[in-house]
Amino acid sequence: MVITRKIEIYVHEEDKELKKNFQHTLYEWRDAVRRAANLIVSHKFVQQNVRDFMYLQEDVQERFMVTDEKTGASKVKYNVSDTLKKEKGMSEQNTTYRLIASLLKGKVPADIYSCLNQAVAKTFKETVMDINKGEATLRSYKNNIPMPFSAKALSNIHKADDGRFYFTLFGIPFACMLGRDRSNNEAVIDRCISGEYKMCSSSIAFEKTVNRETGKKKQKLFLFLCVDIPKKDIELKADKKMFCYLSVDCPIQYTYEVQAKNVYDSGVKWASIGTAEEFKYRRLQIQAAMKRCQVNSRYSVGGKGRKRKLQALERFAEQEKNYVKTKLHTYSRMLVDKAIQNKCATIVLVNQSQREEQAKNDNQKGKPFVLRNWSYYGLKNLIKYKADMVGIKVIENGKSDEEEDTGNDD
C-alpha cells in the first residue's frame, strides 16, 4: 500500500551565495513545470475535442472525416490516434512528452518532466469524462504544483549525528525538518533507509504558510514522500465479521453478534467508540468562537483589506478542520484495532439511511443534534484506508469495493 508523507525540507548549504543559487534554480524549475503542466492539459483537451472545432477550414476538417463502408456517409473520427502522425514516438502520451521535452530540455532535469507528463496525463484521463459532460472544468496548475521525480533521483539519504535526515536531489543538498513528528515520519524514513519500506515516485512543492502570531506569510518547501508499505501479516479469521455504523448518538457503534439483515433488531447490543459530547462539544465550541470573531471582525484594523480583517477567522476555521481530522483518525484507528483484536477479516459498514433520515427529522423538530457536525464521508474513507493496511476487507452497504466497481450484487 502506497502512502504519502508531507515533510518540510530546506536547502542545506553553508555557502550563502551557493544556497541562493540553489533556491533560485528551484523557483525556475517550479515556473517551468507549471507552464509545462498547463500545456499538457491544453494539448490533451485539443486532442480529445479537435473533431468539434467546426470553425476550422474545410481542408482541415476533411482530415478528421471517414466514410462509413456500409452507408457511405461521412462522419468525424473519434479516435485520438487517428489524428496523430503515423510514425514512431507519436502515441497519445508521447506527443505531450515530446512537446515539453523540446521546451524544458537543458532547463529542467529530464526525470522531472518525464514524471510530470505521466502524472498530468493520468489526472486528465480520470477527469476527462466529467469535463466532456460539463460537470468539471479543465484543471489549471498554479505555483503550488508539485515537481515530481522518480525514486532513483533521491540519493544519499542518511541520518546524521544531529538526528536530522539529509539527502541529495539532482545535485542539490536538502535537510528534513520533522519538528514534533506527530505523524511518526522519522520511523518511516528510517525504514526506507533500511530497505523495509520501498520509496516510490515522489515530489517537492512550494507552499505559502502563515505565522499564527504575526500573520506574516512565508514560502516553505515540502517533500511529498511516497512510500510503499507492505501489509502487516496479521492472523484473521475469514468467517468473523464486525458490523458497525456511524451513529447519530455517538461517532461509531459496532457489534460482532449479528448478520447484516438483523442490524435493526432492538435486541442487538452495540458497543460504542467515542461519545457525542466528546466529538460535538469541542467542535461547537470552536464554531461559537468563530461566530463571535466574525461579529467582532468589523473592529479589526484594515490596512490591507479583507485578508487582514479575516486573519483571526481563518485561524479558527483551520483549528476546527484540524480538530475534526484528529478525531476521525482516532476513531477509525480504534475501530480497526477492535477488529484486529477479535481477528475479524471483514468490517461491514451498515446501511444507515433510516437512522440518518430520523436524525434529520429530529433536527427539524428542534432537538440539539446538529447533523452537519458529523463527518460521515471522511470517517468512512479513513476506516477503509486503515483496514486496507492490515488486510481487512471493508464492505459498505452490503457491497465490497471490488463488487461496486464491477456492478455485481452480493
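Each value, and the rule that gives it
- Residues numbered from 1 in each chain as written.
- Predicted model: local features only at pLDDT ≥ 70, side-chain atom pairs only at ≥ 80, totals over all residues.
- Heavy atoms only, no water.
- Helix = DSSP H or I, 4+ residues; strand = E, 2+ residues; numbered from the N terminus.
- Buried < 20%, exposed > 50% of the residue type's maximum accessible area, 1.4 Å probe, protein only.
- Contact = heavy atoms within 4.5 Å.
- Areas by Shrake-Rupley, 256 points an atom, 1.4 Å probe, with all protein chains shown as cover.
- Core = buried A, V, L, I, M, F, W, Y, C linked by side-chain atoms within 4.5 Å.
- Polar contact = N/O pair within 3.5 Å; in protein donor to acceptor, adjacent residues only side chain to side chain.
- Phe/Tyr/Trp six-rings, centres within 6.5 Å; stacked < 30°, edge-to-face > 60°.
- Lys NZ or Arg CZ within 6 Å of the ring centre and 35° of its normal.
- Axes fitted to C-alpha atoms, helices over the stretch in contact; angles between N-to-C directions.
- Parallel < 35°, antiparallel > 145°, perpendicular 65-115°, else oblique.
- Left-handed = near helix turned anticlockwise from the far one by under 90°.
- Nonpolar A, V, L, I, M, F, W, Y, C, P; charged D, E, K, R; others polar.

## Focus: the overall build of the chain
Secondary structure assignment for the chain yields 11 helices and 16 strands. Burial statistics for the chain: of 410 residues in total, 37% are counted as buried. The contacts of the chain with a sequence gap of at least 6 include a subset with a gap of at least 24, amounting to 66%. Entry remark: accessible area of the chain is about 25,400 Å², with carbon and sulfur atoms responsible for 48%.

## Examining the nonpolar core
Membership of the largest hydrophobic core comes to 46 residues, with the highest contact counts inside it found for Leu 26, Phe 174 and Ile 204. With nine residues, the single largest contributor to this core is helix α1 (residues 16-49). In contact with Ile 204, other than residues within four places in its own chain, are Ile 9, Leu 26, Ile 145, Pro 146, Met 147, Phe 149, Leu 169, Leu 221, Phe 222 and Leu 223. Ile 286, Tyr 323, Ala 339 and Ala 387 belong to the second-largest nonpolar core, a separate cluster that totals 25 residues.

## Describing the side chain of Ser 150
Assignment of secondary structure puts Ser 150 in the loop between β4 (147-149) and β5 (154-159). Taking relative accessible area as the criterion, Ser 150 reaches 11% and is therefore assigned buried. A polar atom in the side chain of Ser 150 sits 2.6 Å from the side chain of Asp 111. In this structure, Ser 150 is in contact with Asp 111, Cys 115 and Ser 201, ignoring residues within four places of it in sequence.

## Side note on the packing of aromatic side chains
The full count for this structure, using the stated rule, is five aromatic pairs. Here the aromatic residues Trp 29, Phe 149 and Phe 170 are joined through ring pairs into a cluster of three or more. For the cation-ring pair, Lys 6 lies above Phe 222, with the distance from its terminal atom to the ring centre recorded as 4.6 Å.

## What about the packing of α1 against helix α4 (residues 110-133)?
α4 packs onto α1 with a crossing angle of 40° between their chain directions and a minimal axis gap of 9 Å. With respect to each other, α1 and α4 are oriented oblique. Of the two elements, α1 crosses α4, and the hand of that crossing is right-handed. Residues Trp 29, Val 33, Ala 36, Ala 37, Ile 40, Val 41, Lys 44, Phe 45, Gln 48 and Asn 49 of α1 form the contact with α4, whose own contacting residues are Ile 112, Leu 116, Asn 117, Val 120, Ala 121, Phe 124, Val 128, Ile 131 and Asn 132. Tallied by class, the residues present in the contact of α1 with α4 amount to 14 nonpolar, four polar and one charged.

## Here's the deal with the packing of helix α6 (residues 276-296) against helix α8 (residues 311-341)
Running from N to C, α6 and α8 point in directions that differ by 170°, and their axes come no closer than 9 Å. On the basis of the axis angle, α6 is roughly antiparallel to α8. Contact with α6, carried on its side by Glu 278, Phe 279, Arg 282, Arg 283, Ile 286, Gln 287, Ala 289, Met 290, Cys 293 and Gln 294, involves Ala 312, Leu 313, Phe 316, Ala 317, Gln 319, Glu 320, Tyr 323, Val 324, Lys 327, Leu 328 and Tyr 331 of α8 and no other residues of that element. For the contact of α6 with α8, the class distribution of residues is 13 nonpolar, three polar and five charged.

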